[in-house]
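So the chains spell out like this:
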Amino acid sequence: MSVSRRDFVLGAAGALGASALGMPALSLAATEDIKIGWLAALTGPSSAPGVGFNRGVEFAAQAINAAGGVKGRKLVIVTRDTQGDPTKAVNAVQEMINSQKVHAIWGPTNSGESLAVTPIMARAKMPNIHPCVIDRLINTDKYPNAFRLAPSNSQWDDACRDYCLKVQKFSKIAVIGDTTGYGVSATKACVANFKKDGAEVVYSTNIDATQTDMSPDMTRARDAGAEVIVVWSVSTGMEARLFNTRANMGWDVAFVGHPSMASGELRTLIEKPENWDKVYAIGYKSASYDADGKLPTHSQEFVDMVKGKVTLEDTLYWWVSAGYDAIALVAKAVETTGSSQAKDIIEYWNSLKAYPGYFGNYTYSSTQHDGYPTQEVVMSEAKSARDGTFALAPGYQ
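Undergrad: What's the story with the overall build of the chain in this structure? I'm lost.
TA: Helices and strands together make up the secondary structure of the chain, namely eleven helices and 13 strands. For 397 residues, the compact-globule estimate of 2.2 N^0.38 gives 21 Å, and the chain sits close to it at 21 Å. For the chain, the C-alpha atoms occupy an extent of roughly 65 × 45 × 35 Å along the three principal directions. In the chain, 71% of the contacts between residues at least 6 apart in sequence involve partners at least 24 apart.

Undergrad: Would you explain the sheet that holds strand S13 (residues 377-381) in this entry?
TA: Sheet strands pair via backbone hydrogen bonds, and the direction of the pair is either parallel or antiparallel. Taking strand neighbours across the sheet as the criterion, the six strands line up as S7-S6-S8-S9-S10-S13 in an open arrangement whose pairing is mixed. At either end of the open sheet lies a strand with only one pairing partner, and these are strand S7 (200-207) and S13. Each strand of the sheet is rotated relative to its neighbour by a mean of 25°, with strand direction disregarded. In the packing of helix H6 (residues 181-196) onto the sheet, the strands contacted are strand S6 (172-178), S7 and strand S8 (228-232), and the crossing angle to S6 comes to about 165°.

Undergrad: I tried to follow the confidence of the model for the chain on my own but got confused; where do I start?
TA: Averaged over the chain, the pLDDT score is 91; the fraction of residues at 70 or greater is 92%. The low-confidence segment residues 8-12, where pLDDT is below 50, has 19 contacts with residues more than four positions distant or belonging to other chains. Scored below 50 in pLDDT, residues 14-28 shows 39 contacts in the model against residues more than four places distant or in partner chains.

Undergrad: Even after reading the chapter, I still don't get the packing of helix H9 (residues 297-306) against helix H10 (residues 317-337), so can you show me in this structure?
TA: The geometry of a pair of packed helices is captured by two quantities: the angle between their axes and the separation between those axes. It is the contact of H9 with H10, at a shortest axis distance of 12 Å, that shows an interaxial angle of 85°. In terms of orientation, H9 lies roughly perpendicular with respect to H10. Across the interface between the two elements, His 298, Ser 299, Phe 302, Val 303 and Met 305 of H9 pack against Tyr 317, Val 320, Ser 321 and Tyr 324 of H10. Partitioning the contact of H9 with H10 into residue classes produces six nonpolar, three polar and no charged.

Undergrad: In this structure, what is going on with the pairing of S13? I would like to understand it.
TA: Looking along a regular strand, one sees side chains alternate from face to face of the sheet. Within S13, four of the five residues are buried, leaving the element largely enclosed by the surrounding structure. Relative to S13, strand S10 (residues 279-284) runs antiparallel, the two sharing five bridges. Across the sheet, residue Tyr 284 finds its bridge partner in S13, namely Val 377.

Undergrad: Please explain the packing of aromatic side chains as it appears in this structure.
TA: Aromatic rings in a pair are described by how distant their centres are and how their planes are angled relative to each other. Scanning the model with the defined rule gives 21 aromatic pairs in all. Measuring from ring centre to ring centre gives 6.0 Å for Phe 59 and Tyr 324, while their planes differ by 35°; the resulting arrangement is tilted. Remark: Tyr 324 occurs in helix H10 and Phe 59 occurs in helix H2 (residues 48-66); sequence separation between them is 265 residues. Neither residue differs from the other here; Phe 59 and Tyr 324 are each classed as buried. Note on Phe 147 and Trp 349: the rings are 5.1 Å apart at their centroids and 75° apart in plane angle, and the pair reads as edge-to-face. Here Phe 147, found in strand S5 (residues 146-148), pairs with Trp 349, found in helix H11 (residues 342-349); they are 202 residues apart in sequence, far enough to count as distant. Judged on exposure class, the residue Phe 147 and its partner Trp 349 are both buried. A network of ring pairs unites the aromatic residues Trp 38, Phe 53, Trp 106, Trp 156, Tyr 284, Trp 318, Trp 319, Phe 359 and Tyr 372 as a single cluster.

Undergrad: Even after reading the chapter, I still don't get helix H4 (residues 111-123), so can you show me in this structure?
TA: Since one α-helical turn is 3.6 residues long, residues separated by three or four positions face the same way. Here H4 contains 13 residues, and its C-alpha end-to-end distance of 19 Å stays within 8% of the 18 Å for a straight helix at 1.5 Å per residue. The largest bend in H4 amounts to roughly 40° and is located at Val 117, with the proline Pro 119 lying one to four residues further along. Within H4, burial applies to Ser 111, Gly 112, Glu 113, Ser 114, Val 117, Thr 118, Ile 120, Met 121 and Ala 122. Contacts from the buried residues of H4 go to helix H3 (86-100), strand S3 (104-106), strand S4 (128-130) and H6. Just beyond H4, the residue with positive phi is Lys 125, at close to 55°.

Undergrad: Help me understand the pairing of strand S1 (residues 34-40), please; the structure alone is not making it clear to me.
TA: Buried residues dominate S1, accounting for six of its seven residues. As defined by bridge partners, S1 adjoins strand S2 (residues 75-81) across seven bridges and the pair is classed as parallel. Considered in S2, the bridge of Leu 39 is made with Arg 80. Regarding topology, H2 serves as the crossover connection from S1 to the parallel S2, and that connection is right-handed.

Thresholds, definitions, all that
Residues numbered from 1 in each chain as written. Predicted model: local features only at pLDDT ≥ 70, side-chain atom pairs only at ≥ 80, totals over all residues. Heavy atoms only, no water. Helix = DSSP H or I, 4+ residues; strand = E, 2+ residues; numbered from the N terminus. Rg over C-alpha atoms; globule rule 2.2 N^0.38 Å. Contact = heavy atoms within 4.5 Å. Pairing = 2+ DSSP bridges. Axes fitted to C-alpha atoms, helices over the stretch in contact; angles between N-to-C directions. pLDDT = per-residue confidence, 0-100. Parallel < 35°, antiparallel > 145°, perpendicular 65-115°, else oblique. Nonpolar A, V, L, I, M, F, W, Y, C, P; charged D, E, K, R; others polar. Buried < 20%, exposed > 50% of the residue type's maximum accessible area, 1.4 Å probe, protein only. Phe/Tyr/Trp six-rings, centres within 6.5 Å; stacked < 30°, edge-to-face > 60°. Expected span 1.5 Å × (residues − 1). Bend = angle between axes of the 7 residues up to and from the residue. Right-handed = clockwise from strand over helix to strand, strands pointing away.

As structure tokens, then:
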């Protein structure tokens, strides 16, 4: 199913309540709320993405409801703060399914939680869309209900490795991750892939995100001859301590890796603005402005739409826009099919081809639930943040 961006904008933010497309009548009462579960790490060391996603979620629900809802049905967001804790995520999912009777679930926001709850949602046949990157979270045989809105970690890792080896020509690599389920698995895969491509991984480790002193590990990486440090963590606090330690050591090494390294929150965490130099984070074409400072047209549409209503300066464009897209995709499924039944939402998502979201164009099928196009993944210059968008990292043509 192909949808124009204009249809997406009108349907998601302005006309979902108008039924302008002549969709079939709802099979349920027009007054029944559409309940969307939102598993969000809003507090704790891994909360930066959740806070950004949440802004998009709240804006989408408010915009759709202000336009009359989905054929007269109000969107209700059932939010639970998991604090990045898989046990809390499990409890929240069970409540959403058994007590809240939600129609779909967006989240969790990190892979450690998602590893714990994805099988639960699969058994309940609950439509689930999430931004978690661990590859095995998407399996259409085991989890036919689960769809990924963001790139997989393989896509991130490929973009990062390509930048280090082909663009910047680094050959001696250090890899540092946090101790979450995501951080451990991402570090392991990254090390293996660098070695497979012939690079020398001179140092690798996993650090507790709350660890205050980063100097022992940074010293080991420097003494091993690292030319670049690849970081896999969503913790902006941990990343800021790494950047500050590098400056205190007087070491001019580059950082490359996780998108959170470009979060606006880091401005308040680094000791000096220059501590953010030579930090290159995974980014996206939709969140990149050109040499003239211009964003892609659809991205500028989103920035203009949320101006004065959603703060982008201290977060990432892609977090906010992906949160918006997730809610809009549920709403559009209900509007298009006339049903909030799980099987109908899943069937609708399986039909999407280049669906025009604000974060990306999503394509799914019954055998492919990785919907984000690989060619849209790039590296960004972290310090160039402007409304959560960035200039491309140096070296790109």
